[in-house]
Amino acid sequence: MDISSDESDDWFIESLNTYKDLHVFQLEHPTKVIEWTGDKNICVAGYTGSRSEILELLLPLKLYAGENQGLCAERDFKVQHGGFSEEPIESLIHISGTRCVVTSGSSSSTLQIWDIGGDDSDVIKRTGVINLKSTSVKGCKIAPGLTDEPAVLHGSCISEVQLTEIATGRVLYTVAKESSDSVSGLQFVNACVFLICASDGTLFMGDTRDPSTCHYPLEDSKSGLHWAFGLRSDSSQSEPSGCTVARLSSSGHMLLSDLRNLQSPFCQTQLNVQHDASKNDFLNVSWAPVLDRCLSVSGKKCSSPQPVFSHRGHEMSDEAKYSGSPPVVTTHSWHQSRPKTILSVATDGSLHVWDWVDKITDR
């Protein structure tokens, strides 16, 4: 789709009334990861090239200035810490309560452990590795454990999923399921219970106190697609009954399921998407942590009958205007405490943080 100068100008004028905040930053290399390391800090890492930069960024302080925004000159992201990985970064997670992040790449048989620095240093340093079962690690997914001792749940296919203690490299748990299905995503529900979504949409629920897993395949009519998933947990509850699972297929089919009955979705809908198999790696669905019953999707040009808001900032970039090929959003992330603030990144390296105007509540 070609973006004309007039269309771009019209969007800019419109954005003055539709965004409460919109800040833009240009990364040297595009990223697939946005990971919160604090209320005002994120970590990003490149996925192209043989040597990838890892950065911890401070969000624009103008976001937090409230009614005194006019007195705050800090509109830009600031690089606080940085380092380099010798491989492209596919996944990155932060270990809560620490200055540690764990990454997976596409060209080694290990997970990389990093110290992202403190007040005394601006350098992100690799401090260790976790050896993987398989040397075929492209697409290895990782999720932080929720126990007192820092640990990471990881695997590229179902039969290789295991929980590993970060400090010692000791394997704490291994899934006892012989399956070569690739992992699309995985996440803990509480300290023991976790959920895995296979790329074909099948859900697996496990418990670190029991090596067996329960699996919930999709109907045959929905097979043959690539699926992404997002888990919403009620922080006031420690039981799986307080969680809802969203699954989004590469064809735009959305399923919502309660953890108490994963076999039968309680809601489903169809989004309008542009079919492009090459963009399946960027498919993303995420629950809003503060806004009730709201979720977001990215990675494909998609639309729903009545979206709350649609961010078009990336496709209105200069690259889209002159190349005729709009960048694709590679991932996005909700702010953990600001209800309508989202960060998004695209294949052209553009990083946006934005907060839209709700025409009802923001009057």
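Owing to the predicted nature of the structure, the values given are computational and were not obtained by experimental measurement.

### With respect to the overall build of the chain
Then comes step 1: Helix and strand counts for the chain come out as 2 helices and 28 strands.
Then comes step 2: Within the span of the chain, comprising 363 residues, buried residues form 52% of the whole.
Then comes step 3: A separation threshold of at least 6 residues defines the contact pool for the chain, and within that pool the share at least 24 residues apart is 49%.

### What about unusual backbone geometry?
Then comes step 1: Even without being a glycine, arginine 293 presents a positive backbone phi close to 60°.
Then comes step 2: Relative to the helices and strands, arginine 293 is located in the loop between strand E23 (284–287) and strand E24 (295–298).

### Concerning a negative patch on the surface
Then comes step 1: On the surface, Asp6, Asp9, Asp10 and Glu14 cluster together into a negatively charged patch.
Then comes step 2: Topologically, aspartate 10 is positioned in helix H1 (residues 5–18).
Then comes step 3: Here aspartate 10 falls in the exposed class, since its relative accessible area comes to 53%.

### A word on the side chain of threonine 341
Then comes step 1: Tracing the sequence through the fold places threonine 341 in strand E27 (residues 341–346).
Then comes step 2: Threonine 341 gets classed as buried once you look at its relative accessible area, which sits at 0%.
Then comes step 3: Only 3.0 Å separates the side chain of threonine 341 from the side chain of arginine 338, close enough to count as a polar contact.
Then comes step 4: Sequence-distant contacts of threonine 341, that is, excluding residues within four places in its chain, are made with Ser333, Trp334, His335, Val353, Trp354 and Asp355.

### Side note on the pairing of strand E26 (residues 329–334)
Then comes step 1: For E26, a buried count of 6 out of 6 residues is recorded, marking the element as mostly surrounded by other parts of the structure.
Then comes step 2: Sheet topology note: the E26/E27 ladder contains 5 bridges and is antiparallel. Following the sheet pairing, histidine 332 is matched in E27 by serine 344.

### Structural notes on the sheet that holds strand E9 (residues 125–131)
By definition, the strands of a sheet pair up through backbone hydrogen bonds, in either a parallel or an antiparallel sense.
Then comes step 1: Here 4 strands make up an open sheet; going across it, the order is E6-E7-E8-E9 and the pairing antiparallel. Of all the strands in the sheet, the pair left with one neighbour each is strand E6 (89–94) and E9. Direction aside, the axes of adjacent strands within the sheet are offset by 25° on average.
Then comes step 2: The pairing of strand E8 (residues 110–115) with E9 spans 6 bridges and is antiparallel. In the sheet register, glutamine 112 faces E9, and the bridge partner there is valine 129.

### As for a nonpolar patch on the surface
Then comes step 1: On the surface, a cluster of nonpolar side chains totalling about 330 Å² of accessible area is made up of Phe12, Ile13 and Leu16.
Then comes step 2: Looking at the secondary structure, you find isoleucine 13 in helix H1.

### Let's talk about the packing of aromatic side chains
Then comes step 1: Enumeration over the complete set of coordinates arrives at 11 aromatic pairs.
Then comes step 2: Here phenylalanine 188 and phenylalanine 194 contribute two aromatic rings whose centre-to-centre distance is 5.8 Å and whose plane-to-plane angle is 70°, an arrangement assigned as edge-to-face.
Then comes step 3: On the basis of relative accessibility, which here comes to 5%, the residue phenylalanine 188 falls in the buried class.
Then comes step 4: Relative accessible area serves as the criterion here: at 0%, phenylalanine 194 is assigned to the buried category.
Then comes step 5: Aromatic ring contacts, followed pair by pair, group Trp11, Tyr19, Phe309, Trp334, Trp354 and Trp356 into a single cluster.
Then comes step 6: The ring of tyrosine 64 is capped by lysine 40, whose NZ or CZ atom sits 4.9 Å from the centre of that ring.

### What about the sheet that holds strand E2 (residues 35–38)?
Then comes step 1: Overall, antiparallel pairing links the 4 strands, which are arranged E2-E3-E4-E5 in an open sheet. Two strands bound the open sheet, and with one partner strand each, they are E2 and strand E5 (78–85). The average angle at which neighbouring strand axes cross in this sheet is 25°, direction not considered.
Then comes step 2: Direction of pairing for strand E3 (residues 41–45) relative to strand E4 (residues 52–58): antiparallel, over a ladder of 5 bridges. By the bridge assignment for E4, alanine 45 is matched with isoleucine 54.

### A few points about the side chain of serine 104
Then comes step 1: Take serine 104: it is sitting in strand E7 (residues 100–105).
Then comes step 2: Relative accessible area serves as the criterion here: at 1%, serine 104 is assigned to the buried category.
Then comes step 3: There is a polar contact of 3.0 Å between the side chain of serine 104 and the backbone oxygen of cysteine 140.
Then comes step 4: Leaving out residues up to four positions away in the same chain, serine 104 has contacts with Pro88, Ile89, Glu90, Ser91, Leu111, Cys140 and Ile142.

### Digging into the environment of tyrosine 47
Then comes step 1: Here tyrosine 47 is to be found in the loop between E3 and E4.
Then comes step 2: Setting aside residues up to four positions removed in sequence, tyrosine 47 forms contacts with Pro30, Thr31, Lys32, Ser52, Pro88, Ile89, Phe282, Thr330 and Thr347.

### Focus: the environment of cysteine 140
Then comes step 1: Residue position: cysteine 140 is located in the loop between E9 and strand E10 (141–144).
Then comes step 2: As for cysteine 140 and glutamate 90, which are separated by 50 residues in sequence, their C-alpha atoms are 7.8 Å apart.
Then comes step 3: Residues in contact with cysteine 140, not counting those within four places in the same chain, are Ser91, Ser104, Leu111, Leu132, His154, Gly155 and Ser156.

Conventions we followed
- Residues numbered from 1 in each chain as written.
- Predicted model: local features only at pLDDT ≥ 70, side-chain atom pairs only at ≥ 80, totals over all residues.
- Heavy atoms only, no water.
- Helix = DSSP H or I, 4+ residues; strand = E, 2+ residues; numbered from the N terminus.
- Buried < 20%, exposed > 50% of the residue type's maximum accessible area, 1.4 Å probe, protein only.
- Contact = heavy atoms within 4.5 Å.
- Patch = residues over 30% accessible without salt bridge, like charges linked within 9 Å, V, L, I, M, F, W, Y side chains within 5 Å.
- Areas by Shrake-Rupley, 256 points an atom, 1.4 Å probe, with all protein chains shown as cover.
- Salt bridge = Lys/Arg side-chain N within 4 Å of Asp/Glu carboxyl O.
- Lys, Arg positive; Asp, Glu negative; His and termini not counted.
- Charge placed at Lys NZ, Arg CZ, Asp CG, Glu CD.
- Polar contact = N/O pair within 3.5 Å; in protein donor to acceptor, adjacent residues only side chain to side chain.
- Pairing = 2+ DSSP bridges.
- Axes fitted to C-alpha atoms, helices over the stretch in contact; angles between N-to-C directions.
- Phe/Tyr/Trp six-rings, centres within 6.5 Å; stacked < 30°, edge-to-face > 60°.
- Lys NZ or Arg CZ within 6 Å of the ring centre and 35° of its normal.

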